[in-house]
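Close look at the chain arrangement
Listed here are the chains, written in short residue letters.
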Amino acid sequence: MKTHRLLLLLTAFALLPACSLIPQKVPDEAPPLVDMEIDLAAAEEPADEDERQELDHGTFSGLVVGTARTTLDEEEPAGLRVVTVVENSPADAAGLEIDDILFVVVTPDGGELELAWPSEWRKLELETPPGAEITVLYDRAGLELEAKLVLVKRVRPPGREETARFRESRRAGVVLRTATEVEARSAGMGPGGGAVVIGLSLRSPWRAAGIRYGDLVVSVDGKAVAHPQVVLDAIRDGEEELAVGYLRPETGKSKVVTVPLTRREKETKSFYFPILWDYESEGGRSEMSILLGLFGYTRTAVAVRYRVLWLITFTRGDADRLVVTGGESDH
């Protein structure tokens, strides 16, 4: 008798193809937006190198800098890390070294600029005349130091920076890329500043507010966009809405619009009631099984398959041809 019960129990567990007594792994990230659209023309980096070469080169400090953030998700500015010091340059003469952290610069007119993004340093080089002196406050191994640099005229432009993409798919539904130097400087920003809109979700409030592919975002809540991450930070930290300032390159006109922030809709991904009911939905595909698979179905965007008594199946879905709707063409 005990052997008979054990066999029944083993058979029951063998008939659980879609049920699970083990908790399923909870996703760490939200799934990609199914309605996100990328504009290929806006996403492609413009072929504007000849135009870039013709721009005024500005002045030269002898520094190549990068953000000192350890991750782009950091909330507070961390200054600029010195990546390269050119030999015999103003920076070399001032004693600056690789891995120094620049956090404040005092301009020739006495103004102070807190540094967070490389575009801010490049903008300073472009706007400071040759022979002018700037004062840099920096950190070296925990010591706060000061250096004075006399900028000189730049004889050739720096190397071209490759563009990068940034996706936000929770609170705005947008994809941005870094602007080229030509695009950034056309909006009065330093090279590396600004963010070009290259993707929009169909439900993005940015789309509803009139923002289009190719628009250059120059400010968020009144703060200059020195890097696309500035936009992402503002979206992440915003409460209900965001003031987005942008320039439309083909018209040269700028505009500020107020856009609400969004959130992800919630949906039941899976439900397990061992032996009786098993339901799972992910990536536009849903499956359900009832009573050890006695009845079940699988549904996608284009087809549905029903299963009865483990043997009988019925599938219905899209055909491999189109039909014109309306009138006699429906038949």
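Residues numbered from 1 in each chain as written. Predicted model: local features only at pLDDT ≥ 70, side-chain atom pairs only at ≥ 80, totals over all residues. Heavy atoms only, no water.

1. A few points about the overall build of the protein chain
Looking only at helices and strands, the protein chain has eight helices and 22 strands in total. Sorting the 331 residues of the protein chain into buried and exposed places 37% on the buried side. Across the protein chain, every contact between residues at least 6 apart in sequence was considered, and the portion connecting residues at least 24 apart equals 51%. Working note: accessible area of the protein chain is about 20,500 Å², and carbon and sulfur atoms make up 55% of it. (Helix = DSSP H or I, 4+ residues; strand = E, 2+ residues; numbered from the N terminus. Buried < 20%, exposed > 50% of the residue type's maximum accessible area, 1.4 Å probe, protein only. Contact = heavy atoms within 4.5 Å. Areas by Shrake-Rupley, 256 points an atom, 1.4 Å probe, with all protein chains shown as cover.)

2. Looking at the pairing of strand β12 (residues 195–201)
Of all the seven residues making up β12, seven are buried; the element is thus mostly covered by neighbouring parts of the structure. Judged from the three bridges that link them, strand β1 (residues 36–38) and β12 form a sheet pairing that is antiparallel. Residue pairing for β12: Glu 37 is matched across the bridge by Leu 200. Where strand β11 (residues 174–178) and β12 come together, five bridges link them in antiparallel fashion. Bridging across to β12, Val 174 finds its partner in Leu 200. Bridging between β12 and strand β13 (residues 216–220) involves two bridges; their strand directions are antiparallel. Considered in β13, the bridge of Val 196 is made with Leu 216. (Pairing = 2+ DSSP bridges.)

3. Structural notes on the nonpolar core
Counting 37 residues, the largest nonpolar core has Leu 176, Trp 206, Val 217, Val 220, Val 225, Val 231 and Val 244 as its most contacted members. Among the secondary structure elements, those contributing two or more residues to this core are α2 (40–43), β11, β12, β13, α8 (228–237), β15 (241–248) and β16 (253–260). Residues Leu 63, Val 85, Val 105 and Tyr 138 belong to the second largest nonpolar core, which totals 18 residues. (Core = buried A, V, L, I, M, F, W, Y, C linked by side-chain atoms within 4.5 Å.)

4. Re a nonpolar patch on the surface
A cluster of nonpolar side chains, Leu 276, Trp 277, Leu 291, Leu 294, Phe 295, Tyr 306, Val 308 and Leu 309, forms an exposed patch at the surface whose accessible area comes to about 630 Å². Mapped onto the fold, Trp 277 is located in strand β18 (residues 277–282). Trp 277 sits in the partly exposed class, given a relative accessible area of 35%. (Patch = residues over 30% accessible without salt bridge, like charges linked within 9 Å, V, L, I, M, F, W, Y side chains within 5 Å. Salt bridge = Lys/Arg side-chain N within 4 Å of Asp/Glu carboxyl O.)

5. Brief notes about the environment of Glu 144
Relative to the assigned elements, Glu 144 resides in strand β8 (residues 143–150). Measuring from C-alpha to C-alpha, the distance between Glu 144 and Phe 103 comes to 9.9 Å, with 41 residues separating the pair along the chain. Residues within four places of Glu 144 in sequence aside, it is in contact with Phe 103 and Tyr 138.

6. Some details on the pattern of salt bridges
With the rule as written, the count across this model stands at 20 salt bridges. Among the ionic pairs, Glu 49 bridges to Arg 160, the shortest N-O distance being 2.8 Å. Here Glu 49, found in helix α3 (residues 49–54), pairs with Arg 160, found in the loop between β9 (152–153) and β10 (165–168); they are 111 residues apart in sequence, far enough to count as distant. Notably, a salt bridge pairs Arg 52 with Glu 181, separated by 3.1 Å at the nearest N-O pair. In this pair, Arg 52 sits in helix α3 while Glu 181 sits in helix α6 (residues 181–186), placing the two residues 129 residues apart along the sequence. Like Glu 181, Arg 52 is buried. Each of the salt bridges in this network shares a partner with another, and the network as a whole consists of Glu 45, Asp 48, Glu 49, Arg 52, Arg 122, Glu 125, Arg 154, Arg 160, Glu 181 and Arg 185.

7. Structural notes on unusual backbone geometry
We note that Asn 88 has phi near 65°; this positive angle belongs to a residue other than glycine. Relative to the helices and strands, Asn 88 resides in the loop between β4 (80–85) and α4 (90–93). The exposure class of Asn 88 is exposed, given its relative accessible area of 69%. At Asp 221, a residue that is not glycine, the phi angle is positive and equals roughly 50°. Residue position: Asp 221 is located in the loop between β13 and β14 (223–224).

8. Focus on the side chain of Ser 201
In this fold, Ser 201 is placed in strand β12. We classify Ser 201 as buried; its relative accessible area is 5%. Among the polar contacts listed, one links the side chain of Ser 201 to the side chain of Asp 35, at a separation of 2.9 Å. (Polar contact = N/O pair within 3.5 Å; in protein donor to acceptor, adjacent residues only side chain to side chain.)

9. Points about α8
With eight of its ten residues buried, α8 lies for the most part within the structure. Residues of α8 that are buried include every one of Pro 228, Gln 229, Val 230, Val 231, Leu 232, Asp 233, Ala 234 and Ile 235, and no others.

10. Some points on the confidence of the model for the protein chain
As a general rule, the predicted coordinates of low-pLDDT regions are not to be interpreted in detail. Across the protein chain, the average pLDDT comes to 84, with 77% of residues at 70 or higher. Within the protein chain, the element-level pLDDT minimum falls on helix α1 (residues 2–14), averaging 52, and the maximum on β13, averaging 98. Contacts for the low-pLDDT stretch residues 13–23, under 50 throughout, to residues beyond four places or in other chains number 13 contacts. In this model, residues 327–331 is a region of pLDDT below 50 whose contacts with residues beyond four sequence positions or in other chains number four contacts. (pLDDT = per-residue confidence, 0-100.)

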